[in-house]
Amino acid sequence: MTSLTTDPTPDKGTTIAQIAQEVGVSVPTVSKVLNGRADVAAATRERVEAALERHHYQRRRAAQPMVGTGLINLVFHRLGSSWSMEIIRGVEDTAAENNVSVILSELGGVHRPPRTWLDTTLLRPPLGVLTVASRLSPAQQRQLQRRSIPTVVIDTDGEPPTGVPTVGSDNWNGGLLATRHLLALGHRRIGAVSGPADMLCSRARLDGFRSAHAEAGVEVEESLILPGNFYVEAGYHAGHALLARPDRPTAIFAGSDMAALGVLRAAHELGVNVPRDLSVVGYDDLSLAAWATPALTTVRQPLAEMGALATTMLIDLVAGRTPHTRRVNLATELVVRESTAPPA
């Protein structure tokens, strides 16, 4: 569904020359600020940016946008897993089809790009920006808009930003499907290793987990839900904690395939047989899930498709075309393999 933006209408009558006259600087100085050049004094830059903000200035787009001759900036809050590689594959393939190159930025685990990221980005302005599990502040968004640099968000970490296209998947339904599967097998003590609490996708998956319990009339045991971060180490430590209990769960829903691999390792070390003594469900359906021992039952999230669709939307915006929709949630599906079975 397309969201209506409440952003101010750009003042199309204001020129760079008028901004320069108002601030008391030269036209080239305003142009340098717009282009992210470093050779402008900080105080002067702030005055120019404030004037651009007051006038809601937005650079006019060229009649023939330079699609095919520039860069897309793909911004991850954190790299380093097969999950990010799947998104990169979808972005790279679609960008290559349009003769566009991709550069990567990584934010060290934070969900809001720092000012240094924006300054560096504007030194070499991209055609557009894709953010993954992160988003720009309203002020950063406006600075890019003034330079006619569109943005699209993949797997937003919170509520979708107003007026910015987003692409994600149905995380609530994924958590529901995983837990329904375990309940249908007969499990009643089901543990969970969640993702980061500050990410919308992990909260939605846990909400689906709870909804499946409510639907089946089975009470959720809160002590069996442990925090995680989608990485294998967190799954491993949570798996040890859950399986060392005298009243250990008979099944565990992990918020990611990487966390599920950690649970499998913990089960192996503790002599807990999967799936005879413990059923495990992951999330993402990364390529390695089918190669785990036993092969991992998981929820397929179409990561490469998310990256490809977001890139298509961004290229449409660069070319001056309006996307058909600004909110896309792709379907998730359960993939049953060897790691789940009825409780012994």
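This one's a predicted model, so the numbers in the text were calculated from it and none came from an experiment.

### Digging into helix α7 (residues 171–185)
Move 1: The first and last C-alpha atoms of α7 sit 22 Å apart over 15 residues, in line with the 21 Å expected at 1.5 Å per residue.
Move 2: Along α7, the residues classified as buried are N171, G174, G175, L176, A178, T179, H181, L182 and L183.
Move 3: Of the residues flanking the end of α7, it is G186, one or two places downstream, whose phi is positive at about 110 degrees.

### A few points about the pairing of strand β9 (residues 279–284)
Move 1: Burial runs high along β9: six of the six residues are buried.
Move 2: Examined bridge by bridge, strand β8 (residues 251–254) and β9 share three bridges and lie parallel to one another. Counted as the bridge partner of I252 is V280 from β9.
Move 3: In this view, the connection linking β8 to its parallel neighbour β9 by way of helix α10 (residues 257–269) has right-handed handedness.
Move 4: The sheet contact formed by β9 and strand β10 (residues 297–300) spans four bridges and is parallel. Paired with Y283 across the bridge in β10 is V299.

### Things to note about the packing of helix α5 (residues 115–123) against helix α6 (residues 138–146)
How two helices pack is summed up by the angle between their axes together with the distance between the axes.
Move 1: Two elements in contact, α5 and α6, have axes separated by 11 Å at closest approach and are oriented at 5 degrees. Between α5 and α6, the angle falls in the class roughly parallel. Seen from α5, the contacting residues are R115, L118 and L122; seen from α6, they are Q140, Q143 and L144.

### Concerning the nonpolar core
Move 1: Core analysis: the biggest nonpolar cluster contains 31 residues, and L74, I87, L130 and V132 have the highest contact counts within it.
Move 2: If you list the elements that add at least two residues to this core, you get β1 (71–76), α4 (82–97), β3 (128–132), β4 (151–154) and α11 (303–318).
Move 3: Among the elements that take part in this core, α11 stands out by supplying eight residues, more than any other.
Move 4: Counting residues in each nonpolar core, the second largest holds 19 residues, with L242, L243, A289 and L296 among its members.

### Section: the side chain of T121
Move 1: In this fold, T121 is placed in helix α5.
Move 2: A polar contact of 2.8 Å, which involves the side chain of T121, links it to the backbone oxygen of W117.
Move 3: Apart from the residues within four sequence positions on either side, T121 is in contact with N73 and P126.

### Focus: the sheet that holds strand β5 (residues 166–169)
Move 1: The strand order across the open sheet built from six strands is β2-β1-β3-β4-β5-β11, with neighbouring strands paired in parallel fashion. Either end of the sheet is taken by a strand with one partner, and the two such strands are β2 (101–106) and β11 (327–330). For this sheet the average axis-to-axis angle between neighbouring strands, irrespective of direction, equals 20 degrees.
Move 2: Each of β1, β2, β3 and β4 is contacted by α4, which is oriented at about 170 degrees to β1, the strand it contacts most.

### Section: the pattern of salt bridges
Move 1: For the structure shown, the criterion picks out 13 salt bridges.
Move 2: Here R180 and E215 are joined by a salt bridge, their closest N and O atoms 2.7 Å apart. In this pair, R180 is assigned in helix α7 and E215 in helix α8 (residues 200–216), connecting sequence segments 35 residues apart.
Move 3: Notably, a salt bridge pairs R265 with E269, separated by 3.0 Å at the nearest N-O pair. With R265 and E269 both in helix α10, this residue pair falls four residues apart, about one helical turn.
Move 4: By relative accessible area, which is 37% here, E269 ends up partly exposed.

So, how was this worked out
- Residues numbered from 1 in each chain as written.
- Predicted model: local features only at pLDDT ≥ 70, side-chain atom pairs only at ≥ 80, totals over all residues.
- Heavy atoms only, no water.
- Helix = DSSP H or I, 4+ residues; strand = E, 2+ residues; numbered from the N terminus.
- Expected span 1.5 Å × (residues − 1).
- Buried < 20%, exposed > 50% of the residue type's maximum accessible area, 1.4 Å probe, protein only.
- Pairing = 2+ DSSP bridges.
- Right-handed = clockwise from strand over helix to strand, strands pointing away.
- Axes fitted to C-alpha atoms, helices over the stretch in contact; angles between N-to-C directions.
- Parallel < 35°, antiparallel > 145°, perpendicular 65-115°, else oblique.
- Contact = heavy atoms within 4.5 Å.
- Core = buried A, V, L, I, M, F, W, Y, C linked by side-chain atoms within 4.5 Å.
- Polar contact = N/O pair within 3.5 Å; in protein donor to acceptor, adjacent residues only side chain to side chain.
- Salt bridge = Lys/Arg side-chain N within 4 Å of Asp/Glu carboxyl O.

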